[in-house]
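# Structural characterization, general
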Amino acid sequence: MSAQAVAAPHAKIAAPEHRETYLNYDYSWKSWLFTVDHKRIGILYLLTVAFFVAIGGLFAMMIRAELLTPQGDVLESETYNKIFTMHGAVMIFFFLIPGVPGVLGNFVLPLMIGARDVAFPKLNLLSWYIFVVGGLLTLFVAATGGVDTGWTFYAPYSSTYSNTRVAETAIMVFITGFSSILTGLNFLVTVHTMRAPGMTWFRLPLFIWASYATALINVLATPVLAITVLLLALERIFHIGIFDPKVGGDPILFEHMFWFYSHPAVYIMILPAMGVISELVAAFSRKRIFGYSFVAFSSLAIAVLGFLVWGHHMFVSGQSAYAGLVFSVLTVLIAVPTAVKIFNWTATLYQGSVEFATPFLYVLAFFGLFLIGGVTGLFLAAMGLDIHMHDNYFVVAHFHYVMVGGMVTAFFGGLHYWWPKMFGRMYNELTGKLAALIIFVGFNMTFFPQFIVGYMGMPRRYHAYAPEFQVLNVLSSAGAVVLGTGYLLAAVNLIWSLKFGKVVTEKNPWGATGLEWETQTPPIPHNFEVTPRVTQEAYAYHEMYSGKEAHGVH
């Protein structure tokens, strides 16, 4: 893409000796806690998400410590149930779902489309406050009794029989859901109304397409979860017979309502990550994404089909064989737009000028891990296999290969890619590559053995297991230590760079296309001194590397 300047109202020009940025225009705590700058809100999300990841990771290490031995000799069964419930709830609702949209989406989406901010800046700040309040209250509930239902809150155990704090947790999830809804609404309106002149739909970066599809799911699906958990809380408090069969309720209704949101939620987690991968593949192969329009529309196809496959979670719930057949076929069908992305990314890399920088190593890790996660998902889409592997560790491994191997890997890749733009400092490249390698090895050590013990019949959510599964569980627990070390090393490297990293003064340290690389590094508070006018396609590397500028702001 190329750009021409159009004077922006009230544009400030920083003095050469002191460049004003979104980070240094005001250092007071009030300027951060009451900011409406999308970039600062992105940083607030980063800090908050990092806190919840640490809490969720602590729960995960407690789970793996318990599973080192077949006997339940570290945690009692009730405590173990509460620990794995909170691990799932914290990681899914307070990291996997808001991670990429809240951090990377908030920071770069307006920059990528040439906007000065999101459409509703105050609403954007409110969404962060709701997220923080929901998360802290959830942790408070966990510390004052906890909940033992699993993150899925299945009725009738959750609605009637559990003696833990289910109603309070459900209300916290209800509150947190509004954060996702407001963020999705904000992104939709921003993309529709605030694109720079000339930024047509088919000149949008693919991260914007993925974020747009995610926002659609957020706005349409999250209210269903909110209603479901609110009904669950009302059932707990007033016993009004929604899910309790004793008084005319139907526990299967809860499963339908919960998974109608929670399977699209899988794509809320992975679609933005796929958008990040598209940006990184283009940037580090110096090529336009092969089949750009197919990759763009595949995001929308995944968003639409994601609403039609929830029943594959219910193959053993007693639903009819015909319904199971329909959901099985639709689940296999959703692999098609996903495969389009994988094939097109691979075709983009073919004969590209590939640079093996740290963000690109996360791309390669994503390819390997997400491919395994996707293929094993097809196993679970087949009714016959799913009946055998339902509720065992095969499902746990599949889910983590998709979510951690996919979303978290892409998140780290995107964070390393946009880090110099966010903070104006470069991390240590060798340490970054080492951390990526340790994460890849540690992840496979942790979760690949779980495919095997799952297929052999080890059920999930048990604190004790048959002795023949111990060797693979020890390997899995050892892998969790390696994986945690990799994440910790990456985090320390990024934090270290904030003070000691090389100062990045050039706008575009990666030589990438995109309007976000035409702003000052770090960006000024209002993003652009002049409003860019886009005149070329996305990822115009053929122009950039043929002596022409791809995004020059003149």
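Above this text sits the structure in question.
Below, the structure is looked at part by part. (Residues numbered from 1 in each chain as written. Predicted model: local features only at pLDDT ≥ 70, side-chain atom pairs only at ≥ 80, totals over all residues. Heavy atoms only, no water.)

## Section: the overall build of the protein chain
Selection rule: Here a helix means four or more residues in a row that DSSP labels H or I, a strand means two or more in a row labelled E, and each is numbered from the N terminus. All radius of gyration figures rest on C-alpha atoms, and the globule criterion is 2.2 Å times the number of residues raised to 0.38. Relative accessible area decides the class of each residue, using a 1.4 Å probe on protein chains only: under 20% of the type maximum gives buried, over 50% gives exposed, and in between gives partly exposed. For this analysis, residues touch if any pair of their heavy atoms sits within 4.5 Å. Charge counting follows a simple rule: Lys and Arg are positive, Asp and Glu are negative, and His as well as the terminal groups are ignored. For the purpose of locating charges, the reference atoms are NZ of Lys, CZ of Arg, CG of Asp and CD of Glu.
Within the protein chain one finds 18 helices and four strands. Taken over the C-alpha trace, the protein chain has a radius of gyration of 23 Å; the compact-globule value for 554 residues is 24 Å, and the two agree within 12%. The C-alpha extent of the protein chain, read off along each of the three principal axes, is 70 × 50 × 45 Å. Burial status across the protein chain gives 58% buried among its 554 residues. Of the contacts made within the protein chain by residues no fewer than 6 positions apart, 83% connect residues no fewer than 24 positions apart. Where the 28 positive side-chain charges of the protein chain centre and where its 28 negative ones centre are 9 Å apart.

## Here's the deal with unusual backbone geometry
Put simply, Ala 155 and Pro 156 share a cis peptide bond, and its omega is 5°. Look at the link from Thr 521 to Pro 522: it is a cis peptide, with omega at -15°. For Pro 522, the location among the structural elements is in the loop between strand 3 (502-503) and strand 4 (530-534). One non-glycine residue, Asn 527, lies in positive phi territory at about 75°. We classify Asn 527 as buried; its relative accessible area is 2%. Unusually for a residue other than glycine, Tyr 539 sits at a positive phi of about 60°. In this fold, Tyr 539 is placed in the loop between strand 4 and helix 18 (541-544).

## Examining the packing of aromatic side chains
So the rule is basically this: Within 6.5 Å between ring centres, the rings of Phe, Tyr and Trp (the latter by its six-membered ring) count as paired, and their orientation is classed by plane angle as stacked under 30 degrees, edge-to-face over 60, tilted in between.
The tally for this structure, following the rule as stated, stands at 48 aromatic pairs. Where Phe 95 meets Phe 411, the ring centres are 5.7 Å apart and the plane angle is 85°; that geometry is what we call edge-to-face. With Phe 95 in helix 3 (residues 77-96) and Phe 411 in helix 15 (residues 393-423), this residue pair connects regions lying 316 residues apart in the sequence. On the accessibility criterion, Phe 95 (5% relative accessible area) is buried.

## Section: the packing of helix 2 (residues 38-66) against helix 5 (residues 121-143)
Applicable threshold: Between N-to-C directions, angles cover 0 to 180 degrees, with each direction set by a line fitted to C-alpha atoms, over the stretch in contact for helices. When describing relative orientation, an angle under 35 degrees is termed roughly parallel and one over 145 degrees roughly antiparallel, while 65 to 115 degrees is termed roughly perpendicular and anything else oblique. Whether a crossing is left-handed or right-handed is set by the direction in which the near helix is turned from the far one by less than a right angle, anticlockwise for left-handed and clockwise for right-handed.
The geometry of helix 2 relative to helix 5 is characterised by a closest axis approach of 10 Å and an angle of 10° between their N-to-C directions. Taken as axis vectors, helix 2 and helix 5 run roughly parallel relative to one another. Note on packing geometry: the crossing formed by helix 2 with helix 5 is left-handed. Of helix 5, the residues touching helix 2 (which contributes His 38, Ile 41, Leu 44, Tyr 45, Thr 48, Val 49, Phe 51, Phe 52 and Ile 55) are Pro 121, Asn 124, Leu 125, Ser 127, Trp 128, Phe 131, Val 132, Gly 135, Leu 136 and Leu 139.

## So, the side chain of Thr 348
To keep things clear, this is the line we draw: Nitrogen and oxygen atoms within 3.5 Å of one another constitute a polar contact, given that in protein one can donate a hydrogen and the other can accept it, and given that sequence-neighbouring residues count only through two side-chain atoms.
Here Thr 348 is to be found in helix 12 (residues 335-349). A polar contact of 2.8 Å, which involves the side chain of Thr 348, links it to the backbone nitrogen of Phe 290. Only 2.7 Å separates the side chain of Thr 348 from the backbone oxygen of Asn 344, close enough to count as a polar contact. Filtering out sequence-adjacent residues up to four positions away, Thr 348 remains in contact with Val 281, Ser 285, Lys 287, Arg 288, Ile 289 and Phe 290.

## Some points on the pattern of salt bridges
Opposite charge on two side chains permits pairing when their charged atoms draw close. So the rule is basically this: Within this document, salt bridges are pairs made up of a side-chain nitrogen of Lys or Arg and a carboxyl oxygen of Asp or Glu, the two lying within 4 Å of each other.
Counted according to the given criterion, the structure contains five salt bridges. Taking the shortest distance from any N to any O, the salt bridge between Glu 168 and Arg 165 comes out at 3.2 Å. Assessed through its relative accessible area of 30%, Glu 168 is described here as partly exposed. The exposure class of Arg 165 is partly exposed, given its relative accessible area of 24%. Two residues, Arg 460 and Asp 391, come together in a salt bridge whose shortest N-O distance is 2.7 Å. Taken together, the positions of Arg 460 in the loop between helix 16 (429-456) and helix 17 (470-500) and Asp 391 in the loop between helix 14 (383-389) and helix 15 put the pair 69 residues apart, joining distant regions of the chain. By relative accessible area, which is 36% here, Asp 391 ends up partly exposed.

## Overview of helix 10 (residues 292-305)
Operational definition: Expected helix span is given by 1.5 Å per residue-to-residue step, counting one fewer step than there are residues.
Along its 14 residues, helix 10 runs 20 Å from first to last C-alpha, staying within 8% of the 20 Å computed at 1.5 Å per residue. In this fold, the buried residues of helix 10 make contact with helix 8 (206-238), helix 9 (251-285), helix 11 (321-333) and helix 12.

## Things to note about helix 5
Between its first and last C-alpha, helix 5 extends 34 Å over 23 residues, near the 33 Å set by a 1.5 Å rise per residue. By the burial criterion, the buried members of helix 5 are Asn 124, Leu 125, Ser 127, Trp 128, Ile 130, Phe 131, Val 132, Gly 134, Gly 135, Thr 138, Leu 139 and Val 141. Buried residues along helix 5 sit in contact with helix 1 (29-33), helix 2, helix 3, helix 4 (99-112) and helix 7 (166-193). Following helix 5 by one or two positions, Gly 145 has its phi on the positive side, about 140°.

## Side note on the nonpolar core
For the record, the criterion: Here, the term nonpolar core denotes a set of buried Ala, Val, Leu, Ile, Met, Phe, Trp, Tyr and Cys residues that are joined through side-chain atoms within 4.5 Å.
With 165 residues, the main nonpolar core has Phe 93 and Phe 411 as its most contacted residues. In terms of residue count, helix 9 provides more of this core than any other element does, 21 residues in total. Excluding anything up to four places from it in sequence, Phe 93 contacts Pro 98, Phe 131, Trp 151, Phe 153, Val 173, Thr 176 and Leu 225.

## A short note on the environment of Ile 41
The residue Ile 41 is located in helix 2 in this model. We classify Ile 41 as buried; its relative accessible area is 0%. For the pair formed by Ile 41 and Thr 431, sequence separation is 390 residues and the distance between their alpha carbons is 28 Å. Filtering out sequence-adjacent residues up to four positions away, Ile 41 remains in contact with Thr 35, Val 36, Asn 106, Pro 121, Asn 124, Leu 125 and Trp 128.

## A few points about the packing of helix 2 against helix 4
One way to put it is that helix 2 packs onto helix 4 with a least axis distance of 7 Å and a crossing angle of 165°. Judged by the angle between their axes, helix 2 and helix 4 are roughly antiparallel. Helix 2 and helix 4 meet at a crossing whose hand is left-handed. Contacts from His 38, Lys 39, Ile 41, Gly 42, Ile 43, Tyr 45, Leu 46 and Val 49 of helix 2 reach helix 4 at Gly 102, Val 103, Asn 106, Phe 107, Pro 110 and Leu 111.

## Considerations on a nonpolar patch on the surface
What counts is decided by this rule: In this analysis, a patch consists of residues with relative accessible area above 30% that form no salt bridge, clustered at 9 Å for like charges and at 5 Å for the nonpolar side chains Val, Leu, Ile, Met, Phe, Trp and Tyr. The method behind every accessible area is Shrake-Rupley, applied with a 1.4 Å probe, and residues are considered shielded solely by the protein chains displayed.
On the surface, a nonpolar cluster with roughly 590 Å² of combined accessible area is contributed by Val 332, Leu 371, Val 375, Leu 378, Phe 379, Leu 385 and Tyr 455. It is helix 13 (residues 358-381) that contributes the most residues to the nonpolar patch, four residues altogether. For Leu 371, the location among the structural elements is in helix 13.

## Digging into the environment of Thr 190
Along the polypeptide, Thr 190 turns up in helix 7. A residue is classified by how much of its surface remains accessible, and Thr 190, at 0% relative accessible area, is buried. Dropping the residues within four chain positions of it, Thr 190 is found in contact with Leu 109, Ile 113, Asp 117, Val 118, Ala 119 and Arg 195.

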